Amino acid sequence: MMAITVININHPAGLARKEVDISDANSRQVSSNQVGPHRSLAKLVIRHLASDYQRPVAAHSERAFNAVRQALSDQSRPLVLDSFCGTGHSTLVLARRHPDHLVLGVDKSAHRLDRHPQEDAPGNYLLLRADCEDIWQLLLHEGLTLDYHYLLYPNPWPKARHLQRRVHAHGSFPRLLRLGGRVELRSNWQVYVEEFGAALHLAGHTSYVAMLPAGPALTLFEDKYRRSGHALWCCVSKLAP
């Protein structure tokens, strides 16, 4: 397996994977004071599409990205990105699914990445301890785009006042769009998936939102949610970079 890059440096809060106890199959449904897409979603998305996200790339993200530069200089390959990868379980699964790609798993938490499964693994993936929005920017700066981009069960930030912490209402959302590729978001909160699809529509992209069909789980959360009886939802779109 490629060297796993995990850099233990404190950094500011940003977009994140949902933190849930996955020790058993009893998982609560998402609780929110929203019953449908947020009424301010369109205004926020349009504003972000018309502006440039200004937060500079953090030093720890820049250092983590050096592993990507090195891997691509050794062997140029198309890219798969697993944003908010948590423990990297999903990254490992995706590396097996896309053997001809370099698969990048990104999460901001060293604690989660330290729990990456230690098992026989393919040699086509990297785990990066970094902010996802920084890695999106660094990929764009290098002129790189994606074949596939997975956003699997990101923190839904279900309180209405936290709308701007959701991926599709965050200032970095245009970076995600410019990376292109087949984007797939999965969540156990239908509203989140519908909002993501609406944001893509506002940006001029077509997508479909549907209940996730039965199949092998990509993440430990997905397995737990299914065993807990949750309805799982996905939004899929093919973005032109």
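Counting restarts for each chain: residues are numbered from 1 in the order of the written sequence. Given that the model is predicted, a residue must reach a pLDDT of at least 70 before its local features are reported, and side-chain atom pairs must reach 80 or more before they are shown or counted; all residues, however, enter totals for whole chains, interfaces and linings. Hydrogen atoms and water are omitted, and side-chain values are computed over all heavy atoms in the structure.

J.: Describe the overall build of the protein, naming the residues involved and giving the relevant values.
T.: Labels follow the DSSP assignment, with helices taken as runs of H or I lasting at least four residues and strands as runs of E lasting at least two, numbered in each case from the N terminus. Counting secondary structure elements, the protein contains eight helices and seven strands. A simple rule labels every residue: compare its accessible area, found with a 1.4 Å probe on the protein chains alone, to the largest value its type can have, and call it buried under 20%, exposed over 50%, or partly exposed in between. For the protein, with 241 residues in total, the buried portion stands at 55%. The criterion used for residue contact is that any of the two residues' heavy atoms lie within 4.5 Å. By sequence separation, contacts in the protein at least 24 residues apart represent 80% of the contacts at least 6 residues apart. With the model as given, the accessible surface of the protein reaches about 10800 Å², and the carbon-plus-sulfur share is 50%. What sets the accessible areas is the Shrake-Rupley method with a 1.4 Å probe; for residues, cover comes only from the shown protein chains.

J.: Residue-level account of the packing of helix H2 (residues 59–74) against helix H5 (residues 132–141), with values.
T.: Axes here mean lines fitted to C-alpha atoms, for a helix over just the part in contact, with angles spanning 0 to 180 degrees between N-to-C directions. The geometry of H2 relative to H5 is characterised by a closest axis approach of 10 Å and an angle of 50° between their N-to-C directions. One element, H2, and the other, H5, form an angle in the oblique class. In this structure, H2 crosses over H5, and the sense of that crossing is right-handed. For the pair H2 and H5, contact is made by Ser61, Glu62, Phe65 and Arg69 and by Asp134, Ile135, Leu138 and Leu139, respectively. Residue classes follow a fixed rule: Ala, Val, Leu, Ile, Met, Phe, Trp, Tyr, Cys and Pro count as nonpolar, while Asp, Glu, Lys and Arg count as charged, and any other residue, Gly among them, counts as polar. Each residue belonging to the contact of H2 with H5 can be placed in one class, and the counts come to four nonpolar, one polar and three charged. By definition in this entry, angles of less than 35 degrees are roughly parallel, angles greater than 145 are roughly antiparallel, angles of 65 to 115 are roughly perpendicular, and the rest are oblique. Left-handed describes a crossing whose near helix is turned anticlockwise from the far helix by less than a right angle; the clockwise case is right-handed.

J.: Let's hear about the pairing of strand S2 (residues 102–107): which residues, and what values?
T.: For S2, the tally of buried residues reaches six of six residues, placing the bulk of the element in the interior. Of the two faces of S2, both are covered, the one formed by Leu102, Leu104 and Val106 as well as the one formed by Val103, Gly105 and Asp107. Following DSSP output, two strands are said to pair if at least two bridges run between them. Two strands pair when backbone bridges link them, and S2 and strand S3 (residues 125–129) are joined in this way by five bridges, in the parallel orientation. Across the sheet, valine 103 pairs through a bridge with tyrosine 125, a residue of S3.

J.: Account for the environment of serine 228, with residues named and values stated.
T.: Residue position: serine 228 is located in the loop between helix H8 (220–227) and strand S7 (233–239). Overall, the relative accessible area of 24% leaves serine 228 in the partly exposed class. When the C-alpha atoms of serine 228 and asparagine 26 are compared, they prove to be 5.6 Å apart, with 202 residues separating the residues in sequence.

J.: Which residues make up the pattern of salt bridges, and what values go with them?
T.: Salt bridge criterion: a side-chain nitrogen from Lys or Arg within 4 Å of a carboxyl oxygen from Asp or Glu. Within the structure shown, the criterion is met by eleven salt bridges. For arginine 166, the salt bridge goes to glutamate 195, with nearest N and O atoms at 3.0 Å. Taken together, the positions of arginine 166 in the loop between strand S4 (148–152) and helix H6 (173–179) and glutamate 195 in helix H7 (residues 190–202) put the pair 29 residues apart, joining distant regions of the chain. Grouping residues by exposure puts arginine 166 and glutamate 195 together as buried. For the salt bridge of arginine 227 with aspartate 223, the shortest nitrogen-to-oxygen distance reads 3.0 Å.

J.: Describe in detail the nonpolar core, supporting the description with residues and values.
T.: Nine residue types can take part in a nonpolar core, namely buried Ala, Val, Leu, Ile, Met, Phe, Trp, Tyr and Cys, and a core is a set of them joined through side-chain atoms within 4.5 Å. Among the nonpolar cores identified, the biggest contains 45 residues, and Trp136, Leu139, Leu151 and Phe196 are the most heavily contacted of them. Tyr125, Tyr153, Leu218 and Cys234 belong to the second largest nonpolar core, which has 20 residues in total.

J.: An account of the packing of aromatic side chains is requested, with residue identities and associated values reported.
T.: Side-chain rings of Phe, Tyr and Trp, where Trp is taken by its six-membered ring, are said to pair if the distance between their centres is within 6.5 Å; with planes under 30 degrees apart they count as stacked, over 60 as edge-to-face, and otherwise as tilted. The final tally for this structure, using the stated rule, is five aromatic pairs. Where tyrosine 148 meets tyrosine 150, the ring centres are 6.4 Å apart and the plane angle is 15°; that geometry is what we call stacked. Since its relative accessible area comes to 26%, tyrosine 148 is described here as partly exposed. Considering the side-chain rings of phenylalanine 173 and phenylalanine 196, the 6.1 Å spacing of their centres and the 75° angle between planes classify their relative orientation as edge-to-face. Placement of phenylalanine 173 in helix H6 and of phenylalanine 196 in helix H7 is noted, with a sequence separation of 23 residues between them. An aromatic cluster is built from Tyr153, Phe221 and Tyr225, whose rings are joined through pairwise contacts. A ring is considered to have a charge above it if a Lys NZ or an Arg CZ atom is located within 6 Å of its centre and within 35 degrees of its normal. The residue whose ring lies beneath arginine 165 is tryptophan 157, and the NZ or CZ to ring-centre distance is 4.7 Å.

J.: Kindly report on the pairing of S3, identifying the contributing residues and their values.
T.: Most of S3 is tucked away: five of the five residues are buried. Both faces of S3 are covered, namely the face carrying Tyr125, Leu127 and Arg129 and the face carrying Leu126 and Leu128.

J.: Describe in detail the packing of helix H1 (residues 41–49) against H7, supporting the description with residues and values.
T.: Look at H1 against H7: their axes get within 10 Å of each other, and the N-to-C directions meet at 45°. When the axes of H1 and H7 are compared, the pair comes out oblique. For the element pair H1 and H7, the recorded crossing hand is right-handed. Of H7, the residues touching H1 (which contributes Leu41, Ala42, Val45, Ile46 and Leu49) are Glu195, Ala198, Ala199 and Leu202. Looking at side-chain class alone, the contact of H1 with H7 contains eight nonpolar, no polar and one charged residues.

Interpretation note: all reported values are geometric properties and have no functional meaning in isolation.
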